[in-house]
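Each chain, letter by letter, is given below.
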Amino acid sequence: MSSTPRFLQGAYRFTGTGLEKPAAVEGLESYTVPDGSRAQPVYFRGGNSTPEMVSVVLLRDGVPMRWFPIGASGSTHVPLRIVEDVEAPSTLELHVAAPDGLTGTIVVDLGLVEV
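Residues numbered from 1 in each chain as written. Predicted model: local features only at pLDDT ≥ 70, side-chain atom pairs only at ≥ 80, totals over all residues. Heavy atoms only, no water.

Student: Outline the environment of A23, listing residues and values.
Tutor: By the element assignment, A23 lies in strand β2 (residues 18-24). You can call A23 buried: its relative accessible area is 17%. C-alpha separation for the pair A23 and L94, spaced 71 residues apart in sequence, amounts to 8.8 Å. If near-sequence neighbours (up to four positions away) are discounted, A23 is found in contact with T17, H95 and V96. (Helix = DSSP H or I, 4+ residues; strand = E, 2+ residues; numbered from the N terminus. Buried < 20%, exposed > 50% of the residue type's maximum accessible area, 1.4 Å probe, protein only. Contact = heavy atoms within 4.5 Å.)

Written out as structure tokens, the structure reads:
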């Protein structure tokens, strides 16, 4: 069985809309599992430039799947160890949950394997 690595990654500016209200991050692409395939999240790494805690939220088809809290001016690395398959045609997106009005930059790197 062959596999292909896929990534959602980059550095993005954001403005918080509340810790309980994850919001899309402008410019951060989504990933849709192609027909006949499945994807397996392998790891998440993220950084936060602000003096406040923020969370990056992994959504599957618009529903929160995983929350990754990132401390003030900190970073996190979470090996996901292929905890579940994401079947086609599901769409994965990363949103940010941050205190209302907080502005800053997040650096995200979500690694997936498409099989």
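Next comes the rest of the account.
Student: If you had to explain unusual backbone geometry to someone new, which residues and values would you point to?
Tutor: In this chain, A88 is followed by P89 through a cis amide linkage whose omega measures 0 degrees. Following the sequence through the fold, P89 ends up in the loop between β8 (86-87) and β9 (91-98). A positive phi angle, close to 50 degrees, is found at D61, a residue other than glycine. Considering the arrangement of structural elements, one finds D61 in the loop between β5 (54-60) and β6 (63-70).

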